[in-house]
Amino acid sequence: MARLPPEQHRAFISLVHRGLTLDALFEAADQALADLVPFDSSCWLSLDPATLLPTSHFTREIGTDHLMDLAANEFLEDDVNKFADLARQAPPVGILSQATDGDLARSPRYVRVLGPHGYQDGDELRAMFLDGNTSWGCVALHRHQGTFSQEDARTVAAVGPHLATGIRRAVLAADREVEGSGQPGLILFNSDGALESKSAAATRWLAAMLDGTGTRDGMPLIIVSLAEKARQAANGCADEVATARLPTKEGGWVVAHASMLDGGVDGRVAVMLQPAREPQIASLIVEAHGLTEREREVTRLVMQGRSTREIAECLYVTPYTVQDHIKAIFAKVGVQSRRELVAQLFLRYYAPRLHADT
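All values derive from a computational prediction rather than experimental measurement.

Draft legend 1. Geometry of the overall build of the chain. Along its length, the chain carries 14 helices and 12 strands. Looking at the chain as a whole, 51% of its 358 residues qualify as buried. Of the contacts formed within the chain by residues at least 6 apart in sequence, a portion of 60% connects residues at least 24 apart. Carbon and sulfur atoms make up 49% of the accessible area of the chain, which totals about 16500 Å².

Right, here's the structure in full:
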């Protein structure tokens, strides 16, 4: 994968550590990316990692109707550069003009949405933002005239992992008040680097950590070091994200993320602690439709665009067994096809949130 020049690389690392909300992160990323890859309009989405369905958005020069038309194309039509498909390729970036060999009319998305909205002579670049193998967000960039290049694609691919980290951190920060045994813990350091406060959940996570690095102010040095790295990153002086995966005494892992609080670069630093775990399918789907554990697994893979054969290989069952599970899922959700399943879940649970954001 291409690597950005050092100054630009540090700029996106800084973006991750500024403690921004999702809206502010998307707006700042939009401005920063436009300096590297010019575009006329954009649509940024955060995604539910388990289903790849959008949970929030930021758009430039794109209205809600346009956004819903793009969503309908994504879930209901055959087309090139679907986000679920991009998530499974390397790099996870696609250019419409290249995918259609220059004949944009081969894309229903161009015919039904982009062409009528003024992009007859333009192009579209789409990218998924992955942290490891987990998808946290995506973007669609549009030009009224001219095409995107492979160099543009390499640039977007290079910033993708940083943006995935930023989205994940923004989601974590927004959910830090959620109660429960897996509640994230919050540690605050003041502008001088001294411990200011820590939550009860953070105290529990610190007690569970297996750390032999010594302490300062009662804090493991790895936590103090992460806070300092975040401060350096926010000021554009670091080349790595301030994240660490730490072992616990019981054999599990804790993930620590450090960011500047409230977007400042000279103020307080927040360190968030959370259990390291794979994302699980949205509980609302389970509760609403009464899916079994195996049906939840199959639904998750269907939402990610996996074929019957791929689902069978992933779950170590036969394709016939997968088909039986899919039939049961269709019956419980009240649909007759995979496309209808994805569209039903999107329109019922996710689309209202996107409308609320406008």
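Draft legend 2. The arrangement of the side chain of H9 in detail. In this structure, H9 sits in helix 1 (residues 6–16). Classification of H9 by relative accessible area gives buried; the value is 6%. Residues within four places of H9 in sequence aside, it is in contact with R3, L4, H162 and D239.

Draft legend 3. Fine view of the sheet that holds strand 4 (residues 123–131). With respect to topology, 5 strands assemble into an open sheet ordered 2-1-5-4-3, the strand pairing being antiparallel. The strands lining the two open edges of the sheet, one partner per strand, are strand 2 (54–60) and strand 3 (93–95). Neighbour-to-neighbour, the strand axes of the sheet open up by a mean angle of 10°, direction not taken into account. Helix-sheet contacts for helix 2 (residues 22–36) involve strand 1 (41–47), strand 2 and strand 5 (134–143), and the interaxial angle to strand 2 is about 45°.

Draft legend 4. Fine view of unusual backbone geometry. In this structure, the amide linkage connecting A90 to the following residue, P91, adopts the cis form with an omega of -10°. Counting through the fold element by element, P91 comes out in the loop between helix 4 (83–86) and strand 3. The phi torsion at N81 lies on the positive side, around 55°, for a residue other than glycine. As for its position among the elements, N81 is in the loop between helix 3 (64–76) and helix 4. Accessibility expressed as a relative area gives 14% for N81, which makes it buried. Of note in this structure, Y316 is not a glycine but carries a positive phi near 60°. Here Y316 lies in the loop between helix 12 (308–315) and helix 13 (319–333).

Draft legend 5. Quick look at the pairing of strand 4. Along strand 4, 8 of the 9 residues are buried, which leaves the element largely enclosed by surrounding structure. With 3 bridges joining them, strand 3 and strand 4 adopt antiparallel strand pairing. Residue pairing for strand 4: V93 is matched across the bridge by A127. Where strand 4 meets strand 5, 9 bridges bridge the pair, whose relative direction is antiparallel. For L125, the partnering residue across the bridge sits in strand 5 and is L141. With antiparallel pairing between neighbouring strands as the criterion, strand 4 and strand 5 make up a hairpin whose turn holds 2 residues, including G132 at a positive phi of roughly 70°.

Cut-offs used in this document
- Residues numbered from 1 in each chain as written.
- Predicted model: local features only at pLDDT ≥ 70, side-chain atom pairs only at ≥ 80, totals over all residues.
- Heavy atoms only, no water.
- Helix = DSSP H or I, 4+ residues; strand = E, 2+ residues; numbered from the N terminus.
- Buried < 20%, exposed > 50% of the residue type's maximum accessible area, 1.4 Å probe, protein only.
- Contact = heavy atoms within 4.5 Å.
- Areas by Shrake-Rupley, 256 points an atom, 1.4 Å probe, with all protein chains shown as cover.
- Pairing = 2+ DSSP bridges.
- Axes fitted to C-alpha atoms, helices over the stretch in contact; angles between N-to-C directions.

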